[in-house]
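# Structural overview for review
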Amino acid sequence: MKALVRLALVVCLCVANLVASAPAPAPLNQGEELARVEGSTGRYGGHLVVGQRSEPKTLNPATATDAISHEVIGRLHSDLIEINRATQKTEPGLAKSWKTSPDGRTFTLKLRKGIRFSDGQPFDADDVIFSFTVYLDEAINSPQRDLLIIDDKAPTIKKLDPYTVQFSLPHPYAAAERLFDGFPILPRHILEKSYRDGKFVQAWPVNTPPAELVGLGPFRVKQYWPGQRIVLERNPYYWKTDHDNRRLPYLDELVFLFVGSEDAQVMRFEAGETDLINRLSSENYALLSKEQLQHRSQLSDLGPSLEYNFLVFNQNDLSGKKLEQISRKQAWFQDLKFRQAVSAAVDRDSIVKLVYGTRGTPLWGNVGPGNKAWVNASLPHPQRSVETARQLLKSASFTWDASGQLLDRTGQVVEFSLVTSSSNAQRMKMATLLQDDLSQIGMKVNVVPLDFRALIDRVFQSFDYEAAIMGLGGGDADPNPEMNVWLSNGSSHLWHLNEAQPATTWEREIDQLMNEQMVTLDYHKRKKLYDRVQQIVSEQVPFIFLATPNILTGAKSEIGNFQPALLDHYTLWNADQLFLRNAESAGAR
Amino acid sequence: MRNKRRIRYLLVALAVSHLVVVFAGFIAPCDAKQQDRSLPYAPPTRMHFVGASGFHFRPFVFASLADADGYREDRTREYPVHFFVKGSSYAVFGMIKSDVHLFGVDAPARFMLLGADAFGRDEFSRLLWGGQISLAAGLLATLITLTTAAVIGTVSGFHGGWVDEALMGVSELFLSLPWLYFLLGVRAFLPLHVSPTGTFFLLIGVIGLIGWARPARLVRGVVLSARNRNYVSAARGFGASDLYLLRTHILPATFSVLLTQAAMLVPLYVAAEATLSFFGLGVSEPVPSWGNMLAALQHYSVLVSYDWLLAPAAALVVTSVMYGMLADALDS
C-alpha cells in the first residue's frame, strides 16, 4: 500500500515537472510580421546558466543604472532599431523600416504588425508613444533621457497610425538611429496605471510577480529566488525567427546565478556550474586556458575594447575649497610640459605586459585600434623615453637635487598622491608601475587605494585629490556617447569639471568640433572633425592615456551561435540565437 | 630548569631571526623596490651544483627566459653564486650605509630564492625588508601598549579609590571595542597625503593605543597584591616615600607579567599590521610589509598559480609560534 502511494507521488511529481517546463514557441500567425535572422540554425531545448557578481537592483528599464540589472533587462525587452554587436551596424528591430527627412530632423518609423507581448497582448504605436513619454519625463529622470536631449530641447513623437510613429528632432542628429538601441519598448497595458499614479519609479522591482513583467524580448521572467538566482523562460510570442522560419529563442531557460566576485564566477565556470563568463581578466583567462578546459570551453580574445584607462591630474577650480596644498601643486598639473613629460615617462608596454598579460593595447588617445571606424590612425605613438621627459621638465624650469629628486622652480619637491579604486586590481597595478616610472624622473608618487565610492566622490564632487587613475568609454563605437567627456561642460570632463566657460582655447575648439560632428550627417565629414578632436587631445594630454584591455570571454563548447562581440553585452547580445548542441542540457539546476 | 633552557633557546632563535631582519639589506641579494618587468611571477631560481665542468661546491644558477607557458632556464651560460658582492646600496637603521650583500650573481641573471612577485621584484628580499616593517610595528606597538598599561595599571592599583574606578571603567570600554573595526575606522580618518613613513608611525600609534586595557588590569592586580605585602608596609613604616616603594618593591613585581604580556602581544600586533596592510590601509606601495605582500593572493588566479608568494604567511606563522612558545614558557 505504502509503495503504491509512493509510486503515485513520484508519477505526480514527474507530470508536474513536465507541465512546469518552459513554454513552447507559439505557432506563427498569418498576420505576424516577423524578423528573420540569418545565421546557423540550432535546436530547441536546454537551459543556460550565467553567473552574476551580485543581484539586479531593479527590472525597470527606465530607471536601472547598474550593469547587472541591465544584463537581465536586456534579455526581457526589445528596441525599435537594434545595433548588431557583431557588425556594429544598425538593423530593423520592432520598427521594420524607417525614413529620414532630407534635413535629418524627422524620423518616420513603420512598426511590425501582429506582434504580441510576452503575455499575448498586442503591440502597437501606443506602446511606443507611452515608452518615450516615460523616457522623456523629467520627473522620472531616466538615465537614457540625457541621450535624447540636444541643447536642452527634447524630440517630439507623433502617432501617424496604429503602426507608424514620427520623431521630430530639434537638430539633425548624426547617429540618431543608433540611439534607439537602449530604449526598450514598455507595455502600456501594464505600466500606464502606475505612471498615471506617479508610482512609475517604484514599478518593477526584482520581486515583481512574473505575470506582471511583460516585454517584447526573447525571454520572460519565470521565477526569482532572492539571494540565489533569477530564472527566465522562453517568450512564446517573440518576434524573431531563424532562417527556417522557426520562432526564436532556442533555449528553454536562461538562469542568472548570483555568485559573488569575478573569482567566484571563474571557479563556478571551472566546476561546470555556469556555462559562460561575460568578461574575464587576463589572469583568469590564462588560468582557464592552462587548465585543460580548452576542449570543453571556447575562450575568445576579441581584441582591444573601447574603454580607455588614464591618469588624470586635478585641474579643477579649487577657489572656495580649503585645499591649498593641492592648489599649489596645480601649478605643475596645469603646465603642458609637465603632463607631456609624465606621458613620455610612462612605460605603456609594461602595463600591457604586466597588467593585462599582453592581452591589451597601449593607448595615446581616447580612441584605440579596436574602434576601426573612428580611430585617427595618423596620430604619433611615441615610445617611452626618460630622456625626452627630462628635457621637457628642464625646459619647464624644473631641476633635480643631489639625490635625484625633482624640484619645481620654487625649490619645492615634486611629490603628489595617486588615488585609484582599491577593488580594481588592474588599476592598482598600473599605479605601482607608474610610481616606479615617475621615480625615474625624480617625482615622488604616493599610491593611495580608495574605496570606489570614496574615489568617485573625490573626483566628481569634492575635488580632494591630486592625481587619479580612472577608466571611461566602452559604450558605443560612435563618438556621440563621448560628448559628456570632451564638452567643456560635460559631466565626465574629469580634469576640469563644472566649467562655466571653456578654460582654454583648445577646449573651446573641441566644443565647436564635437557640437558640429553631432549634427553632421555625412560620415566622412564627421570623421574629419573627430580626427581633429583626437589630435588636440593627444597634443594637450588632459588625460595621460595608458592602455586598454582586450575583451576576453569564455563559454562551454556546446553553446552554438556563440558570437562574442566588442560592444556590451559581449556574450548575451544574441541570447535569442544561442542553443545547446548536446541532447543533455548544460549546467546545474 | 628545563623551562629555563627552553626560554634560552627560544630567545636565541628570536634574536637570530630578528638580526636577520635587521640586516635585511646585507642578507637580501636585491633591493626591495627593484622591478624587473621581464620576470613577472618568475618561480624560485634553482641552484645547481653539477655543471658543464662537473660537480663543484660553489652553486650556480641560470638566467630565466620567458616561455609560452611560464619560464625556462637559459642553459647557455652558468652564473656562479658569489659571496660578499657589491650590489644596491642600503642603510642599516637608516644610519650605517653599505652596498655589500651576503650573496649574489652577476647581471643579467637574478638569484631569486623565493621567486618574483607581479612586478618581478625578488620575493626573498621583500620578505626580509617587509619583516623590518612588520616586526618593528609589532615591537614598537607592544612597547607603547605596555608603557601605557604599566603607567595606568600602577597608578590605578597604587592609589585605589575613585582614580582606580575611573581608569578601570575606561579600560572596560577599550576591552569591549572590536579592535579590527576600530582600526579600520581610525585609519579612514587619517589624511590622504601621508607619506609611507608617516603612515607607519601613525599605524603603530593606533595599534598600540588600542590594546592597553588587558595588560593594565593585570598590572593593577599585581600592584594591588604587592601593595599589601608585609615588607612594603614595613618599608613604609620606616619612612619610605611612594616613589621609593614603587621603584624598589612594587614595579619589579610587575616585570614578569609585563614580559609575558609582551611575548603574547608582539605576534598579535604583527598580525594587526599585516591585516591592515592586506586591506591596503597600512604601509602602501612600494614599501613591502608581510601584509601587503599577501594582498596579491586575494585573487584566485594568483593563489592557485604561484605558491612561492605564500612565503610571508609562513613567516607570520613562524613568528607567532616562536613568540607563543616563549609566552608559554615564561608563564610557567
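Residues numbered from 1 in each chain as written. Chains lettered and ligands numbered in written order. Predicted model: local features only at pLDDT ≥ 70, side-chain atom pairs only at ≥ 80, totals over all residues.

In terms of regular secondary structure, chain B is built from twelve helices and five strands. On the principal axes, the C-alpha backbone points of chain B span a range of 85 × 45 × 35 Å. Looking at the 332 residues of chain B, the share that counts as buried comes to 38%. In chain B, 68% of the contacts between residues at least 6 apart in sequence involve partners at least 24 apart. (Helix = DSSP H or I, 4+ residues; strand = E, 2+ residues; numbered from the N terminus. Buried ≥ 20, exposed ≤ 12 C-beta atoms within 10 Å, placed from the backbone. Contact = placed C-beta atoms within 7 Å.)

In terms of regular secondary structure, chain A is built from 17 helices and 25 strands. For 589 residues, the compact-globule estimate of 2.2 N^0.38 gives 25 Å, and chain A sits close to it at 26 Å. Principal axes of the C-alpha set define a box for chain A whose edges measure 95 × 60 × 40 Å. Taken across its 589 residues, chain A has 46% of its residues classed as buried. The long-range share in chain A, meaning contacts at least 24 apart out of those at least 6 apart in sequence, stands at 69%. (Rg over C-alpha atoms; globule rule 2.2 N^0.38 Å.)

Counting residues in hydrophobic clusters, the biggest one holds 112 residues, and the most contacted among them are Val312, Leu418 and Leu546 of chain A. When we break this core down by domain, the ones giving at least three residues each are domain 1 (45-111) and domain 2 (127-331) of chain B. Apart from the residues lying within four places of it in its own chain, the contact partners of Leu546 of chain A are Asn309, Phe310, Leu311, Val346, Arg348, Ile351, Leu363 and Met430 of chain A. Among the nonpolar cores identified, the runner-up in size contains 94 residues, and Leu76, Phe167, Leu216 and Phe269 of chain A belong to it. (Core = buried A, V, L, I, M, F, W, Y, C linked by C-beta atoms within 7 Å. Domains from an automatic or database assignment.)

Time to look at the sheet that holds strand 7 (residues 156-161) of chain A. Residues and elements named next belong to chain A. With antiparallel pairing, four strands are arranged side by side in an open sheet as 5-6-8-7. Edge positions in the sheet fall to strand 5 (95-100) and strand 7, since each of these pairs with one other strand and no more. The mean inter-strand angle of the sheet, taken between neighbouring strand axes irrespective of direction, is 20°. When strand 5 meets strand 6 (residues 106-111), the two strands line up antiparallel, connected through five bridges. Across the sheet, Ser97 pairs through a bridge with Lys110, a residue of strand 6. (Pairing = 2+ DSSP bridges. Axes fitted to C-alpha atoms, helices over the stretch in contact; angles between N-to-C directions.)

Our focus in this paragraph is the environment of Ser301 of chain B. Along the polypeptide, Ser301 of chain B turns up in helix 11 (residues 300-305). Filtering out sequence-adjacent residues up to four positions away, Ser301 of chain B remains in contact with Glu283, Asn284 and Leu287 of chain A.

Residues and elements named next belong to chain A. Taking 1.5 Å as the rise per residue, helix 17 (residues 523-540) with 18 residues should run 26 Å; its terminal C-alpha atoms sit 26 Å apart, in good agreement. Close packing links the buried residues of helix 17 with helix 15 (483-486) and helix 16 (505-519). Positive backbone phi, at 30°, marks Val541, one or two positions downstream of helix 17. (Expected span 1.5 Å × (residues − 1).)

Let us look at the domain arrangement of chain B. For chain B, the assigned domains read domain 1 (45-111) and domain 2 (127-331). Placing the centre of domain 1 of chain B and that of domain 2 of chain B at their C-alpha centroids yields a distance of 39 Å.

This part covers the interface of chain A and chain B. You'll often see interface size given as the accessible area lost when the parts meet. Taken together, the contacts link 21 residues of chain A with 18 residues of chain B. Those elements that place two or more of their residues in the side of chain A that touches chain B are helix 7 (262-271), helix 8 (282-290), helix 11 (348-355), helix 13 (425-439) and strand 20 (444-450) of chain A. Residue composition of the side of chain A that touches chain B, grouped by class: eight nonpolar, eight polar and five charged. (Nonpolar A, V, L, I, M, F, W, Y, C, P; charged D, E, K, R; others polar.)

Residues and elements named next belong to chain B. Packing of helix 9 (residues 242-278) against helix 12 (residues 311-331) leaves a shortest axis separation of 7 Å and a crossing angle of 165°. As judged from the angle between their axes, helix 9 and helix 12 are roughly antiparallel. Viewed along their axes, helix 9 and helix 12 form a crossing whose handedness is left-handed. Taken together, the residues of helix 12 that come into contact with helix 9 (itself represented by Leu259, Thr260, Ala263, Met264, Val266, Pro267, Val270, Ala271 and Ala274) are Leu316, Thr319, Ser320, Tyr323, Gly324, Leu326, Ala327, Leu330 and Asp331. Grouping the amino acids of the contact of helix 9 with helix 12 by side-chain chemistry returns 13 nonpolar, four polar and one charged. (Parallel < 35°, antiparallel > 145°, perpendicular 65-115°, else oblique. Left-handed = near helix turned anticlockwise from the far one by under 90°.)

Moving on, we get to the sheet that holds strand 21 (residues 467-473) of chain A. Residue and element names in this part refer to chain A. Read from one edge of the open sheet, five strands run 20-19-21-15-22, paired in mixed fashion. Only two strands of the sheet have a single neighbouring strand rather than two, namely strand 20 and strand 22 (543-545). Between one strand and the next, the sheet's axes are offset by a mean angle of 35°, whatever the strand orientation. Two strands pair when backbone bridges link them, and strand 19 (residues 415-421) and strand 21 are joined in this way by two bridges, in the parallel orientation. Looking at strand 21, one finds that Leu418 is bridged to Ala467. Across the sheet, helix 13 touches strand 15 (307-313), strand 19, strand 20 and strand 21, and the angle it forms with strand 20 is around 170°.

Of all residues in chain A, 96% attain a pLDDT of 70 or more, and the chain-wide mean is 89. The model gives residues 585-589 of chain A a pLDDT under 50, and that stretch makes 18 contacts with residues more than four places away or in other chains. (pLDDT = per-residue confidence, 0-100.)

It is generally the case that most residues other than glycine have a negative phi and that most peptide bonds are trans. With an omega of 0°, the peptide bond between Asp568 of chain A and His569 of chain A qualifies as cis. Its location among the elements puts His569 of chain A in the loop between strand 24 (559-560) and strand 25 (579-580). Although it is not a glycine, Phe463 of chain A adopts a positive phi angle of roughly 60°. If you check the backbone angles, Tyr41 of chain B has positive phi at about 55° while not being a glycine. Structurally, Tyr41 of chain B is set in the loop between helix 2 (24-27) and strand 1 (48-51).

On to the packing of helix 1 (residues 2-22) of chain B against helix 3 (residues 123-159) of chain B, then. All names here are of chain B. At a closest axis distance of 8 Å, the pairing of helix 1 and helix 3 adopts a crossing angle of 115°. As summarised for this structure, helix 1 and helix 3 are arranged roughly perpendicular, according to the angle between their axes. Crossing of helix 1 over helix 3 shows left-handed handedness. Across the interface between the two elements, His18, Val20 and Val21 from helix 1 touch Leu128, Gly131, Gln132 and Leu135 from helix 3. Its residues assigned to classes, the contact of helix 1 with helix 3 comprises four nonpolar, three polar and no charged.

Further remarks concern the confidence of the model for chain B. Per-residue pLDDT for chain B averages 88, and the proportion of residues at 70 or more is 98%. Here helix 5 (residues 179-189) of chain B is the element of chain B with the lowest mean pLDDT, 75, and helix 10 (residues 290-294) of chain B is the one with the highest, 93.

This part is about the pairing of strand 3 (residues 81-84) of chain A. Looking down a regular strand, the side chains alternate between one sheet face and the other. Residue and element names in this part refer to chain A. Note: strand 3 against strand 4 (residues 89-92), four bridges, orientation antiparallel. Counterpart to Asn84 in the pairing with strand 4 is Lys89. The antiparallel hairpin formed by strand 3 and strand 4 contains four residues in its connecting segment, where Gln88 sits at a positive phi of about 60°.

Attention now goes to helix 11 of chain A. Residues and elements named next belong to chain A. Counted residue by residue, helix 11 has six buried out of eight residues, so it is predominantly covered. By the burial criterion, the buried members of helix 11 are Arg348, Ser350, Ile351, Val352, Leu354 and Val355. Tucked into the core, helix 11 has its buried residues touching strand 16 (360-362), helix 13 and strand 23 (547-556). Positioned one or two residues after helix 11, Gly357 has a phi angle of 55°, which is positive.

Before going further, it helps to spend a moment on the pairing of strand 6 of chain A. Residues and elements named next belong to chain A. Side-chain alternation along strand 6 places Phe107, Leu109 and Leu111 on a buried face and Thr106, Thr108 and Lys110 on a face that remains uncovered. Pairing geometry for strand 6 and strand 8 (residues 164-168), over five bridges, is antiparallel. If you follow Phe107 over to strand 8, its bridge partner there is Phe167.

We now examine the environment of Pro102 of chain A. Residues and elements named next belong to chain A. Inspection of the secondary structure assignment puts Pro102 in the loop between strand 5 and strand 6. Judged by local crowding, Pro102 falls into the exposed class, with 8 C-beta atoms found within 10 Å. Each C-alpha atom, one on Pro102 and one on Pro172, is 9.6 Å from the other, the two residues being 70 residues apart in sequence.

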